Amino acid sequence: MHKPFAYAFSFLAALACAAAQAASGSMRIVNDWGSGFQAEVTVNNDGGATLSGWTVEFDMPISIGNIWGGVVQSSSGGHFVIGPAGYTNNVPPGGSVSFGFIGSPGGVSAVPVTVNGGGASSSSSSVSSSSSSVSSSSSSTSSSSSSSSVSSSSSSSSSVSSSSSSSSSSSSSVSSSSSSSSTGGGTCAVDYVIANDWGGGFQVNVTVRNLSSQPIDGWTLVWNLGAGESFAGGWNASFSTSGSRVTASNPAGHWNGRLAANGGTASFGFQANNSQPPANVATAFTLNGVACGGASSSSSSSSSSSSSSASSSSSSSSSSTSSSSSSSAAAVAPPTLLPLSVQGNRIVNSAGDTVHLHGVATNDLHAIYKGLYVPGLSGGTAGSHNLAEHIGMIRDPLWANANIMRLTVHPFVNDEVGQHGWDLVDPDFYLEQILIPAVNAVIEAGRYAIVDWHYVGESWTGNNAQNTVDFWNRVVAVFGGHPNVLFELFNEPGGGSWNDWQATAQGWVDAIRSGDWSAYGLPARAGADNPIIVGAPNWTQQLPAGPSDRFFSGGNIVYAVHIYPAHTVGGIPNWANYTAQSHPVIFSEWGYENNSDANVTQGTASSYGYPFQSYVDAMYPNGHWIAWNWSPTYRSVMFDIHYVLLGNGQSTAQTRFHGGNPDTYENYMGQFTVDWLNALGFGNVR
């Protein structure tokens, strides 16, 4: 009489056991250089529901130096327990995430891993050389190509390559082959690569190729999304939608608007929502009204310039629920660079190479999203395409040696173009529609990204302090542990002493490192080891000057200082000299512009640019820098309103937002910045 119950209990227990073990994992050795190695571990969700949180265990007689995508929860006697970083916490049904680490000594083989206490999963064979491999936390990768009809075919491929500055690390690639040729006027091919699919959405990298013997100046590509899919935002093109039809375009003269003859390409990316996973792989495209298959297309692209991303300029413009942070985390692009850490006064990557960071800073991301600071781009139509176009310019060869971009997040500002900032939109909306797409665009361009919390001269106490910890609690949940992302804690604290500032801000650093935010009444997070850039009182002009000033604890700390022409009367100040003896220093803002109304940035190449360059170069490679500002409107400007580089004589007063003096090398910093970047190279000390 009790046997059916017993059988039922056994059956239910078996189901519970199966559900608990509905995850698997594997390890592979990506690179081994004898004294150390790089490994990648993949966690697979074999179940039918999202896997929120996971634990990987393995036994290996090694020590782990750096880890990304995961957090070492415990290690004892060669037994390791690894948990997720913020952006790898959630694994969609049928999907996967990956984490990587640097271990020592080398000469090892991959070992089996267990996930969530389940049975041992397989390990892949080790790779002892720096062979090409896929190193991605994307949950799936699929691809297709569409080409014009052929009489003979040739093979071509598109790849997503690691831009790691390490000479000893392997290059990761995701390849898709396309058969392409030309007939009549239809001479194009398209690579459509699903780089990440998290169940409720996906990310696609698209490359369009001109197979004709004539260049194409200005292009428009049209295709249809699959059933249940809706466009959510993109980068490196302007987008419009009409139902399932998506139009991506770039005009002639735009940096991404020319397809060179005989195989010239342009690339862009986008994200889409998906109510019927998995993601559809599109196969039919038209380029400038001609099908990439040879036949003319009678359907025309939508002329609307609106984006599917909603505009939000008030605090009521929320587009998500409080649970959306977890879905946002899944949408963060996988790493393209090795993680950074601080050793003494050097910044090094996980292969041990010294890295010198130099790049550019955006103006406020919300302002760019709203179209306020991009008069030469999408002309004021709100949407993430503004961010994509602006940040996507970093791919231009002109900026090839900029290896980092500072992404400015103003809490609130009311300036000459209007109100904008974090405080004016729902935080989840800002994360999903503004910050994550911006960071992704930088990651996919193969650069490091600084998330900059951009208070300007405000106190670091009271409500400003609470806003700060709330911001970082949310940001760490999304980007904690991501190798490409650095945190800039508080742009420019107002007046006060260094020790008072350090006493308060140290608590923020401690919370980021430990994941314990209970002192601020905020949710616990996984601890994050991302490099943290700390500012200083008096608008980041008062670094430690002697032994009585306490440095921050917590590791991976970089100290910021801002020097503008208004500060250099009588010579460059020595604010950074004492700190730079023992810690890395980044000049996270510098710049000049010879316009009568430029205020603090009023200066020239002779009076400011050359002396500042000499001062910073003397600290090389321990003095890092970010040029302010990579904008046509936010001073110090580097472009005119058509994004023509200033400082090389190509612009007129009528094409500049502020008018001003003649466009010469002496008056504007754009060409000066490019020349300095070219003199330094991409970033490694070779």
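Quick caveat: nothing in here was measured; it's all calculated off a predicted structure.

Here's the deal with the overall build of the protein
Working step 1: The number of helices and strands found in the protein is eleven helices and 36 strands.
Working step 2: When the 686 residues of the protein are sorted by exposure, 58% land in the buried category.
Working step 3: For the protein, the share of sequence-separated contacts (at least 6 apart) that also reach a separation of at least 24 residues comes to 74%.
Working step 4: As displayed, the protein has an accessible area near 24000 Å², and 50% of this comes from carbon and sulfur atoms.

Here's the deal with helix 11 (residues 670–680)
Working step 1: Of all eleven residues that make up helix 11, eight are buried, and the element is covered over most of its length.
Working step 2: What helix 11 keeps buried is the set Gly670, Gln671, Phe672, Thr673, Val674, Trp676, Leu677 and Leu680.
Working step 3: Among the structural elements, strand 27 (358–364), strand 35 (585–590), helix 10 (605–617) and strand 36 (623–627) are those in contact with the buried residues of helix 11.
Working step 4: Among the residues trailing helix 11, Gly681 stands out with phi positive, at a value near 80 degrees.

Overview of the side chain of His366
Working step 1: With respect to the helices and strands, His366 occurs in helix 3 (residues 365–370).
Working step 2: Using a relative accessible area of 0% as the deciding quantity, one classes His366 as buried.
Working step 3: Among the polar contacts listed, one links the side chain of His366 to the backbone nitrogen of Gly421, at a separation of 2.9 Å.

Describing the sheet that holds strand 6 (residues 70–76)
Working step 1: Read across the open sheet, the four strands follow the order 6-7-4-10; overall the sheet is antiparallel. Where the open sheet ends on each side, the last strands, each with one partner, are strand 6 and strand 10 (114–115).
Working step 2: Where strand 6 and strand 7 (residues 79–84) come together, six bridges link them in antiparallel fashion. Counterpart to Ser75 in the pairing with strand 7 is Phe80.

Structural notes on the sheet that holds strand 34 (residues 557–562)
Working step 1: Strand order in this closed barrel of eight strands is 27-28-31-32-33-34-35-36, and the pairing throughout is parallel. Averaged over all pairs of adjacent strands, the angle between their axes in this sheet comes to 30 degrees, without regard to strand direction.
Working step 2: Alignment of strand 35 against strand 36, held across four bridges, turns out to be parallel. Within strand 36, the residue paired with Phe587 across the bridge is Trp625.
Working step 3: Together, strand 27, strand 28 (404–409), strand 31 (448–453) and strand 32 (485–488) form the strand contacts of helix 5 (residues 427–444), whose direction differs from that of strand 28 by roughly 165 degrees.

A short note on the packing of helix 10 against helix 11
Working step 1: Across the interface, helix 10 lies against helix 11 with an axial gap of 12 Å and an inter-helix angle of 25 degrees. Judged on the interaxial angle alone, helix 11 and helix 10 are roughly parallel. Here helix 10 and helix 11 pass one another in a crossing that is right-handed. Across the interface between the two elements, Gly609, Tyr610, Phe612, Gln613, Val616 and Asp617 from helix 10 touch Phe672, Trp676 and Leu680 from helix 11.
Working step 2: Residues of the contact of helix 10 with helix 11, tallied by class, amount to six nonpolar, two polar and one charged.

Looking at the state of the cysteines
Working step 1: Scanning all chains against the criterion turns up one disulfide.
Working step 2: Linked covalently through their sulfurs, Cys188 and Cys292 form a disulfide whose S-S length is 2.0 Å. When the S-S torsion is -125 degrees, as for the bridge of Cys188 with Cys292, the disulfide is left-handed. Of this pair, Cys188 sits in strand 14 (residues 188–197) while Cys292 sits in the loop between strand 24 (290–291) and helix 2 (324–330); the two residues are 104 residues apart in sequence, bridging distant segments of the chain.
Working step 3: Take Cys292: its relative accessible area is 5%, and that puts it in the buried class.

The rules we used
Residues numbered from 1 in each chain as written. Predicted model: local features only at pLDDT ≥ 70, side-chain atom pairs only at ≥ 80, totals over all residues. Heavy atoms only, no water. Helix = DSSP H or I, 4+ residues; strand = E, 2+ residues; numbered from the N terminus. Buried < 20%, exposed > 50% of the residue type's maximum accessible area, 1.4 Å probe, protein only. Contact = heavy atoms within 4.5 Å. Areas by Shrake-Rupley, 256 points an atom, 1.4 Å probe, with all protein chains shown as cover. Polar contact = N/O pair within 3.5 Å; in protein donor to acceptor, adjacent residues only side chain to side chain. Pairing = 2+ DSSP bridges. Axes fitted to C-alpha atoms, helices over the stretch in contact; angles between N-to-C directions. Parallel < 35°, antiparallel > 145°, perpendicular 65-115°, else oblique. Left-handed = near helix turned anticlockwise from the far one by under 90°. Nonpolar A, V, L, I, M, F, W, Y, C, P; charged D, E, K, R; others polar. Disulfide = S-S within 2.5 Å.

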